[in-house]
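Observations on the three-dimensional arrangement
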Amino acid sequence: MLIKDKLSHDTSPRHPPYSPDLAPSDFHLFGPMKKFLAGQHFVRDGEVKSAVCRWLYSQQTDFFEQGILKLVPRWEKCVEKIGDYVEK
């Protein structure tokens, strides 16, 4: 028997399959990366890739850890509000 068959009600959160409020790349990574890339001009795709890689490697380990840790309260808030959650 499947677990979902044992549940008497639907326990899945009510939010779209992809939610930028719950994706660490969107709420934690892209903002600082955008600031780093602001004002730079790239001629080739490879230049952009190199700049992004340099920026990623320059971040301290705790930068990425903080992004993952911020996910927990965001997820809890989303579940608490039954999916009707958007961070402003």
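This text goes with the structure placed above it.
A few points on the structure. (Residues numbered from 1 in each chain as written. Predicted model: local features only at pLDDT ≥ 70, side-chain atom pairs only at ≥ 80, totals over all residues. Heavy atoms only, no water.)

**Observations concerning the overall build of the protein chain**
Looking only at helices and strands, the protein chain has four helices and zero strands in total. In the protein chain, the succession of α and β elements from N to C terminus is α-α-α-α. Counting only residues that meet the buried cut, the protein chain has 19% of its 88 residues in that class. (Helix = DSSP H or I, 4+ residues; strand = E, 2+ residues; numbered from the N terminus. Buried < 20%, exposed > 50% of the residue type's maximum accessible area, 1.4 Å probe, protein only.)

**Focus: the nonpolar core**
Listed in full, the five residues of the largest apolar core are Leu-29, Met-33, Val-52, Trp-55 and Phe-63. At the level of secondary structure, the elements contributing two or more residues to this core comprise helix H2 (24–37) and helix H3 (45–58). (Core = buried A, V, L, I, M, F, W, Y, C linked by side-chain atoms within 4.5 Å.)

**Things to note about H3**
For H3, with 14 residues, the first-to-last C-alpha span of 20 Å sits near the 20 Å given by 1.5 Å per residue. Among all positions in H3, only Ala-51, Val-52 and Trp-55 are buried. Summarising the axial view, the buried residues of H3 lie within an arc of 95 degrees, below the 170-degree limit, and thus occupy one face. The exposed residues of H3 that point more than 90 degrees off its buried face are Lys-49, Arg-54 and Tyr-57. (Expected span 1.5 Å × (residues − 1). Arc of directions from axis to C-beta.)

**Focus on the packing of aromatic side chains**
Evaluation of the coordinates by the stated rule reveals two aromatic pairs. On the basis of an interplanar angle of 85 degrees and a centroid distance of 5.7 Å, the ring pair of Trp-55 and Phe-63 is categorised as edge-to-face. The exposure class of Trp-55 is buried, given its relative accessible area of 5%. Between Phe-63 and Phe-64 the ring centres are 5.2 Å apart and the planes differ by 85 degrees, which places this aromatic pair in the edge-to-face class. Of the residues examined, Phe-63 reaches a relative accessible area of 13% and is grouped as buried. On the basis of relative accessible area, Phe-64 is assigned to the partly exposed category, the value being 37%. Linked through ring pairs, Trp-55, Phe-63 and Phe-64 together constitute an aromatic cluster. (Phe/Tyr/Trp six-rings, centres within 6.5 Å; stacked < 30°, edge-to-face > 60°.)

None of the figures reported here should be taken as evidence of function without further support.
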